[in-house]
Amino acid sequence: MTTKEKILIAALKLFNKHGINSITVRHIAKEVGISHGNLCYHFPNTNTIIAALYENLVEQFDVILDSLVPNENAFEALTQSMYRIFELVNKYKFLFLHFVEISRRIPSIKRRHFALIEMRKIQIREFTAIFENQGYYRTDLPDSQYEWLITQIFVYGDFWLSSSELLYRGNQKDKVSFYVQGYMALFIPYLTEKGKKLVLK
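Only a predicted model underlies this, so the values are computations on that prediction, with no experimental measurement involved.

A. Seen up close, helix 8 (residues 107–133). Between its first and last C-alpha atoms helix 8 spans 40 Å; for 27 residues at 1.5 Å apiece the expected length is 39 Å, and the two agree. Among the residues of helix 8, those classed as buried are Ile109, His113, Leu116, Ile117, Arg120, Ile124, Phe127, Thr128 and Phe131. Where helix 8 ends, the next residue or the one after it, glycine 135, has phi of about 85°, a positive value.

What follows is the structure, encoded as structure tokens:
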């Protein structure tokens, strides 16, 4: 494992536990067991560490989402992928709990996130067409209604973890499953009876 990788692992642990405002590069260097100067050779400040962790998250998201193939099992594959994605969100929870602040502090992340959202919207629209062809989605709704669904998907995906910090009172090991079920429930008003059978199990 490289020094850079060790730094990012340590930073993720500390940011998740303490947030982004109380952790400095010195804290991270101490956690790794290296000097402050050695750490700053790789990452001059915490913003560069946060940006690197965000890119790691994006890369892992891409692996999951790019494996989704629009085929006859697309809806079931989507459900399975959401479990993996929500686990990933939980792993990088500091990014989501502090995302508004991070996007203000590091504008490049805000721009990157916006570009990614626009790309993901295209993918979602492709899957919408597949679901309609497979008989899972209703065809009696206007396209504008499905655009609202896309908006809801991203609001839920970006901020379910913040909500869970305030409202979730269940067993922590069940948290991801609970919120994935809530995510999939967003689709129910748009589904045919055939589609509902995949969600309402």
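The structure having been displayed, the exposition proceeds.
B. Layout of the packing of helix 8 against helix 9 (residues 143–167). For the pair helix 8 and helix 9, the least separation of the axes is 11 Å and the interaxial angle reads 130°. With respect to helix 9, the element helix 8 is oriented oblique. Note on packing geometry: the crossing formed by helix 8 with helix 9 is right-handed. Residues His113, Ile117, Arg120, Lys121, Ile124, Arg125, Thr128 and Glu132 of helix 8 form the contact with helix 9, whose participating residues are Tyr146, Glu147, Ile150, Ile153, Phe154 and Asp158.

C. Looking closely at the nonpolar core. Counting residues in hydrophobic clusters, the biggest one holds 66 residues, and the most contacted among them are Phe15, Ile28, Ile49, Phe86 and Phe187. Beyond its immediate chain neighbours, meaning those up to four positions away, phenylalanine 86 contacts Tyr156, Trp160, Val176, Tyr179, Val180 and Tyr183.

D. Expanded view of helix 1 (residues 3–18). Taking 1.5 Å per residue as the helical rise, helix 1 with its 16 residues ought to reach 22 Å, and the 22 Å between its terminal C-alpha atoms agrees with that figure. Residues of helix 1 that are buried: Ile7, Leu8, Ala10, Ala11, Leu12, Leu14, Phe15 and Asn16. Just downstream of helix 1 lies glycine 19, where phi reads positive at about 85°.

E. Local environment of the pattern of salt bridges. A full pass over the atoms with the stated rule returns nine salt bridges. A salt bridge links glutamate 55 to arginine 112; the nearest nitrogen and oxygen atoms lie 2.9 Å apart. Here glutamate 55 is found in helix 4 (residues 46–66), whereas its partner arginine 112 is found in helix 8, with 57 residues between them in sequence. Residue arginine 120 pairs with aspartate 62 through a salt bridge whose shortest N-O separation is 2.2 Å. With a gap of 58 residues between them, arginine 120 in helix 8 and aspartate 62 in helix 4 connect regions that are remote in the sequence. By relative accessible area, arginine 120 is classed as buried at 10%.

F. Region of interest: the side chain of serine 103. On the secondary structure map, serine 103 appears in helix 7 (residues 99–105). By relative accessible area, serine 103 is classed as buried at 11%. Of the polar contacts made by the side chain of serine 103, one reaches the backbone oxygen of valine 100; its length is 2.8 Å.

Reading the values: rules and limits
- Residues numbered from 1 in each chain as written.
- Predicted model: local features only at pLDDT ≥ 70, side-chain atom pairs only at ≥ 80, totals over all residues.
- Heavy atoms only, no water.
- Helix = DSSP H or I, 4+ residues; strand = E, 2+ residues; numbered from the N terminus.
- Expected span 1.5 Å × (residues − 1).
- Buried < 20%, exposed > 50% of the residue type's maximum accessible area, 1.4 Å probe, protein only.
- Axes fitted to C-alpha atoms, helices over the stretch in contact; angles between N-to-C directions.
- Parallel < 35°, antiparallel > 145°, perpendicular 65-115°, else oblique.
- Left-handed = near helix turned anticlockwise from the far one by under 90°.
- Contact = heavy atoms within 4.5 Å.
- Core = buried A, V, L, I, M, F, W, Y, C linked by side-chain atoms within 4.5 Å.
- Salt bridge = Lys/Arg side-chain N within 4 Å of Asp/Glu carboxyl O.
- Polar contact = N/O pair within 3.5 Å; in protein donor to acceptor, adjacent residues only side chain to side chain.

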